[in-house]
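Secondary and tertiary structure notes
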Amino acid sequence: MSIRVRQNAPNALQFTATAEGHDLPLAMPQPVGEGPDPHDYFDTALGGCKAMTLMVYAQRKALPLESVGVEVVRDASEERKGVYRLTAKLTLHGELSDAQIDELLAVAEKCPIHKLMTAVDVQVSTLIVRPD
């Protein structure tokens, strides 16, 4: 799979990313642009993965989880020092016991994007491709 990013207009700081046939707006953060910016999508990936992972798990285990809300809180105050903190606040709706909540928390800590962000050696290559 690949994601394509194209500039909306020459010299503009607004872009469109296309992933799986869906267009996603991309811009600089305020005050330069209107966002969402790349950091927003990075953080969104974590929140979305946790929510989907919990719902799939609960359905497979027949847990009474009706819906999941996730708020991802970013602290990028030390990003330039190599520390980028994200806190995922989960709101679980349904008649869940304390044991089921603990079980779901453990599952949320193991979602694929959480693992990717914290436990995987991500290697990025950047290539220049000349326009046709």
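Look up: the structure comes first, before these words.
Everything in this summary refers to the structure shown in the same document. (Residues numbered from 1 in each chain as written. Predicted model: local features only at pLDDT ≥ 70, side-chain atom pairs only at ≥ 80, totals over all residues. Heavy atoms only, no water.)

What about the layout of surface pockets?
- Looking at the largest pocket, its volume works out to about 310 Å³.
- If you go around the largest pocket, the residues you meet are Met1, Ile3, Val5, Ala17, Ala19, Leu24, Leu26, Pro38, Tyr41 and Thr44.
- Top contributing element to the lining of the largest pocket by residue count: helix H1 (residues 38–61), with 3 residues.
- Per-class residue counts for the lining of the largest pocket are 9 nonpolar, 1 polar and no charged.
- The volume enclosed by the second largest pocket comes to roughly 180 Å³. (1 Å grid on protein atoms, 1.4 Å probe; cavity = no way out; pocket = protein on both sides within 12 Å on 5 of 7 lines; lining within 4 Å. Points joined across faces, edges and corners; volume = space filled by probe spheres on them. Helix = DSSP H or I, 4+ residues; strand = E, 2+ residues; numbered from the N terminus. Nonpolar A, V, L, I, M, F, W, Y, C, P; charged D, E, K, R; others polar.)

Focus on the sheet that holds strand E1 (residues 4–7)
- The 3 strands are arranged E1-E2-E3 in an open sheet whose pairing can be described as antiparallel. What marks the edges here is a single partner per strand, and that holds for E1 and strand E3 (22–27). In this sheet, neighbouring strand axes are inclined to one another by 25 degrees on average, regardless of whether the strands run parallel or antiparallel.
- Taken together, the 4 bridges between E1 and strand E2 (residues 14–19) define a ladder with antiparallel strand orientation. Bridging from a neighbouring strand, Arg4 pairs with Thr18 of E2. (Pairing = 2+ DSSP bridges. Axes fitted to C-alpha atoms, helices over the stretch in contact; angles between N-to-C directions.)

Side note on the nonpolar core
- Counting 11 residues, the largest nonpolar core consists of Ala51, Leu54, Met55, Ala58, Leu63, Leu65, Val68, Leu96, Leu104, Val107 and Ala108.
- Contributions of two or more residues to this core are made by H1 and helix H2 (98–108).
- The dominant element in this core, judged by the number of residues it contributes, is H1, at 4 residues.
- What Ala108 contacts, discounting residues up to four positions off in sequence, is Lys50, Leu54, Leu90 and His114. (Core = buried A, V, L, I, M, F, W, Y, C linked by side-chain atoms within 4.5 Å. Buried < 20%, exposed > 50% of the residue type's maximum accessible area, 1.4 Å probe, protein only. Contact = heavy atoms within 4.5 Å.)

A short note on the pattern of salt bridges
- A full pass over the atoms with the stated rule returns 4 salt bridges.
- When the shortest N-O distance is used, the salt bridge between Asp23 and Arg6 registers 3.8 Å. You can see Asp23 sitting in strand E3 and its partner Arg6 sitting in strand E1, a full 17 residues away along the chain.
- Residue Arg6 is classed as partly exposed on the basis of its relative accessible area of 44%.
- Between Asp43 and Arg74 there is a salt bridge whose closest N-O contact spans 2.5 Å. Within this pair, whereas Asp43 is found in helix H1, its partner Arg74 is found in strand E4 (residues 67–75), the two being separated by 31 residues in sequence.
- Each of Asp40, Asp43 and Arg74 takes part in a single network of salt bridges with overlapping partners. (Salt bridge = Lys/Arg side-chain N within 4 Å of Asp/Glu carboxyl O.)

Notes on unusual backbone geometry
- In the segment running from Gly35 into Pro36, the intervening peptide bond is cis, with an omega of 0 degrees.
- Tracing the backbone shows Pro36 in the loop between E3 and H1.
- Positive phi, close to 55 degrees, is recorded for Glu20, a residue that is not glycine.
- Here Glu20 lies in the loop between E2 and E3.

Points about the packing of aromatic side chains
- Summed over the entire model, instances satisfying the criterion amount to 1 aromatic pair.
- Geometrically, the ring pair formed by Phe42 and Tyr84 is edge-to-face, given 5.8 Å between the ring centres and 70 degrees between the ring planes. Within this pair, whereas Phe42 is found in helix H1, its partner Tyr84 is found in the loop between E4 and strand E5 (85–93), the two being separated by 42 residues in sequence. (Phe/Tyr/Trp six-rings, centres within 6.5 Å; stacked < 30°, edge-to-face > 60°.)

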